[in-house]
Amino acid sequence: MSTAGPTDSVASAPLAGGGETLPTAAPAAHAMTAAEAAGYGVPVSFSRGQPVLHVDQAGYEAVIARLRDDGFNGVVDLTAVDYLAHPGRELPDGVRGERFELVVNLVSYVRRQRVRVRVQLPEHDAVLPSLFYVYPGTEAMEREAYDMMGIVFTGHPDLSRILMPEDWEGHPLRKDYAVGRVPVQFKQSPGTR
Amino acid sequence: MSEDPPHNTWTPVHTAETDAETLVAETSEGTQELQPRTLTESAELLRERGAVLRLPDGGVLDSADIDVEITDDETMIINMGPQHPSTHGVLRIMMELDGETVLRSKPIIGYLHTGMEKTGEELTYVQGGTNVTRMDYLAPLFNELVFALATEALLELEVPERATWIRMLLTELNRVSSHLLWMATNGMDLGAVSMMIYGFREREMVLDFFEKTTGLRMNHNFIRPGGVAADLPDGWQEDVNEILHVIPGRLAEYDDLLTGQPIFRERTQGVGVLTAEEAVALGATGPILRSTGVAWDLRRDMPYMFYDQLEFDVVVGSYGDAFDRYAIRLNEIRESLRIITQIVERMPEGDYRIQDKKVTPPPRRRIDESMEALIHHFKIFTEGFKVPEGEVYVGVETPRGEIGCYLVSDGSPKPYRLHIRDASFVNLQSLPIMMRGGLVADAVAVISSVDPVMGGVDR
Amino acid sequence: MGFEDLNHNFITAPLEELVKWSRKNSVWPATFGLACCAIEMMATGAAHFDISRFGMEVFRASPRQADLMVVAGRVSQKMAPVLRQVYDQMMEPKWVISMGVCASSGGMFNNYAIVQGVDQVVPVDVYAPGCPPGPETLLHAILTLHSKISTGEMHSRRLDSGGGARLMLPHPGGAGYEDVHVEMRTPH
């Protein structure tokens, strides 16, 4: 870097693969093809054009490792959803819906692609191996999923509450946890789902 | 920066089989060949550096609770925050110090946790913008944008061109105001207090434009599913051109004030260094990732809206230190001004929001004339519009990195699950690695260069 | 130093006016910016709106050196004990401005995570509504506080009621809630 003035900027490189104008509501342009997705041996669905791999609890670690080896070197997001109030959601054949779902969004900086992995977790066994040793960036994300939903990650170096106080009881984002509204005059509390 | 204490002697040895140098270690069991450092897994690197401190963060710390090895030279664990002079919000950091050197640290968050994701499930999609916009409160239009894009992806809507260009104009102006505020608070944290006053000077110009267009200086709730809430006011080109005219000259002043200044350089160069591999492994995005040399910017690499029609450069650093991040943010202001110039030239005529009556409320005048318009207005503002079932993830490039919205809908007018992937939440994980080996006096400089916004971190 | 308990005569009454005038013109705020309102508080401190003309641009980092705590932003459950601790560290006379709707009443966040009004934790003197309140609103709140200081109304009220906020603090050991009544020390 030169000693005077700010860093040099990099000229923007031409886009890889096509240059179509993306309409504002099409996140699907940077997605792997159906054939590529089928290569992982798990049920695949396409949600608004985005590929989703439905992995079961047992095969989770292996599929993530394979995705990592295939170039998905960045973890974007790891979160959980509680489907207690919406059990009848659409899932591909061969996937049985459980109460909790873990959702992992990965990105490949090299291939400019995103992929999503969804794992069904039963209520009595909401345990998964931690991804910390594959993607260290999941440390805080897994703590948040534990804190908010109660999903346990084995092998996580420090699985403790991250957003709520340490001695808080309950997992706030679960559907059976009330929002905690204080009654306010003239405004009716919205009904529960 | 202190070196890791050497516990093996690694001697490079030129082997006959390959031309490459292999590292060889002398251990008690004889000579062991080591794989090259470049092949070491990032998680292994982080573990070796022992950067992260695992401690219970409750009020009372019992020495029996700390399961760290106490070395001969005693280390001290101190607590910084949550209320402290650094202007970056309620972040608490526990640091293990060896004298003045920071060994391990642990950022403790949650002091601003607002339950926004839970609140988001109680609000309709029309109201959702008011909730989401208060997460990363320095770049509120980006939060609204990502929520609106996710909702529109679920609805499979295409918004009119003018609405998209207005969104781009406002978000790029928001990037400018966010980076200016960062320069102000960064200067304040490093002791350049006049920078605090200067940074807010230009920010007020941008905020004046926002007030004129959206009605509010902050937390606008202007970018909504379907488009934007209102059209740009008459004479907006003059206002934007005034901003474009004034800011570059002021940026040159700040360049003079800070970039070449020896004190500023001493305080930021070599401070808070992060390597590219660590940044990618930790999920860091935005200026932190770009400062390490990885040229990743969602606007160019996964373009959304009409960024692929615009010409701009992606600013990349080389050393991954605090000075690089400062330089990147300064130049990103310039790039954003360049983008805004192009947007002003190319702004098309048209609707500022989609005409679909199920999603967009009708104009107020029509409510007096048409029963149908009244019913639609009523429905949209009481019940909200129903969004088809599904789930989607949309990410945008904000001043801090990638903010994404993972939205799950069950067919009702309220989101079933609203999760915002916040840039600062993930970027904060790189803080212990950056602070390791540095002095405690540099801790504030490092935190400032990460630019965390606790509203987004804690949500 | 308060002269409220002395019988006013022609010497001490003007002196009291002097004390009140100097108190109101050099209120030093403690940095307690939490969320979005903190940005508007910083904007008020910047050149465009400038609270320096009221003598208030020195934001003291240490609460021991501050007179005024502007609670700017939403107070979460985890932050409430910290807020009380900072308030307790301030020296009398001290004042609190609750800036923004989240600090005044919980704002738009009526849920498990946010304390519904910071007056559950500390006694508040002036409430500034807005989300966020613009710098003009904050300045109006500050000037309201100044006028209340200059009439001496604040002190009299405190001494009459004789107490501080009634508050519930979670026990540090995590074993439930403890009802703590905080006594107000009379200024001497």
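Here, the structure is the one placed above.
Along the backbone of chain A there are 3 helices and 8 strands. Secondary structure of chain A in N-to-C order comes out as β-α-β-β-α-β-β-β-β-α-β. Taken over 193 residues, chain A has a buried fraction of 36%. Sequence separation of at least 24 residues holds for 52% of the intrachain contacts in chain A that already meet a minimum separation of 6.

All right, on to the sheet that holds strand β11 (residues 401–409) of chain B then. Residues and elements named next belong to chain B. Strand order in the open sheet made by the 3 strands is β10-β11-β12, with antiparallel pairing throughout. Two strands bound the open sheet, and with one partner strand each, they are β10 (390–398) and β12 (417–421). Put simply, the sheet's adjacent strands are angled 15° from each other on average, direction ignored. Pairing between β10 and β11: 9 bridges, direction antiparallel. The residue bridging Val396 from the neighbouring strand is Ile403, located in β11. Against the sheet, helix α4 (residues 140–155) contacts β10 and β11, and its axis sits at roughly 150° relative to β10.

With that settled, consider the sheet that holds strand β3 (residues 95–99) of chain C. All names here are of chain C. The 4 strands are arranged β1-β2-β3-β4 in an open sheet whose pairing can be described as parallel. The open sheet terminates on both sides in strands that have one partner only, identified here as β1 (29–30) and β4 (126–128). As paired elements, strand β2 (residues 68–72) and β3 share 5 bridges and run parallel to each other. Along β3, the bridge assignment pairs Val70 with Ile97. Its contacts with the sheet put helix α2 (residues 36–45) on β2 and β3, and the angle it makes with β2 is roughly 130°. Along the sheet, helix α5 (residues 135–151) makes contact with β3 and β4, crossing β4 at roughly 170°.

Turning our attention to the interface of chain A and chain C. How big an interface is tends to be stated in terms of the accessible area lost upon association of its parts. Listed as interface residues are 8 residues of chain A and, on the opposing side, 7 residues of chain C. Here the side of chain A that touches chain C is built from residues that sort into 5 nonpolar, 1 polar and 2 charged.

Turning next to the environment of C:Arg74. Residues and elements named next belong to chain C. When you line up the elements, Arg74 lands in the loop between β2 and α3 (80–89). Judged by the 28 C-beta atoms lying within 10 Å of it, Arg74 is buried. When the C-alpha atoms of Arg74 and Ile39 are compared, they prove to be 13 Å apart, with 35 residues separating the residues in sequence.

Another aspect to go through is the packing of helix α1 (residues 12–25) of chain C against α5(C). All names here are of chain C. Their axes nearest at 8 Å, the elements α1 and α5 cross at an angle of 165°. As the angle between them shows, α1 and α5 are arranged roughly antiparallel. Crossing geometry of α1 relative to α5 is assigned as right-handed. Across the interface between the two elements, Lys20, Trp21, Arg23 and Lys24 of α1 pack against His146, Ile149 and Ser150 of α5. Here the residues of the contact of α1 with α5 sort into 2 nonpolar, 2 polar and 3 charged.

Turning to the nonpolar core, a few remarks are in order. Formed by 225 residues in total, the largest nonpolar core has its most connected members in A:Ile151, C:Met69, C:Val71 and C:Ile97. Ranked by residues supplied to this core, first place goes to helix α5 (residues 161–190) of chain B with 15 residues. If sequence neighbours within four positions are ignored, A:Ile151 has contacts with A:Ala80, A:Phe100, A:Leu102, A:Leu121, A:Ala126, A:Leu128, A:Ala145 and A:Tyr146.

Attention now goes to the pairing of strand β6 (residues 113–121) of chain A. All names here are of chain A. The element β6 is largely enclosed, with a buried count of 8 among its 9 residues. The sheet contact formed by strand β3 (residues 50–55) and β6 spans 4 bridges and is parallel. When the sheet's bridge partners are listed, Leu53 is paired in β6 with Val117. Pairing analysis gives 9 bridges linking strand β5 (residues 100–108) to β6, with the strands arranged antiparallel. Looking at the pairing, Phe100 lines up with Leu121 of β6.

With omega at -10°, the peptide bond leading from C:Cys131 into C:Pro132 counts as cis. Here C:Pro132 shows up in the loop between β4 and α5. Positioned with a positive phi, A:Arg48 is a non-glycine residue whose angle comes to about 50°. Inspection of the secondary structure assignment puts A:Arg48 in the loop between β2 (44–47) and β3. Backbone geometry at C:Asp50 places phi at a positive 55°, although glycine is not the residue there. Within the secondary structure, C:Asp50 sits in the loop between α2 and β2.

About the cut-offs
- Residues numbered from 1 in each chain as written.
- Chains lettered and ligands numbered in written order.
- Predicted model: local features only at pLDDT ≥ 70, side-chain atom pairs only at ≥ 80, totals over all residues.
- Helix = DSSP H or I, 4+ residues; strand = E, 2+ residues; numbered from the N terminus.
- Buried ≥ 20, exposed ≤ 12 C-beta atoms within 10 Å, placed from the backbone.
- Contact = placed C-beta atoms within 7 Å.
- Pairing = 2+ DSSP bridges.
- Axes fitted to C-alpha atoms, helices over the stretch in contact; angles between N-to-C directions.
- Nonpolar A, V, L, I, M, F, W, Y, C, P; charged D, E, K, R; others polar.
- Parallel < 35°, antiparallel > 145°, perpendicular 65-115°, else oblique.
- Left-handed = near helix turned anticlockwise from the far one by under 90°.
- Core = buried A, V, L, I, M, F, W, Y, C linked by C-beta atoms within 7 Å.

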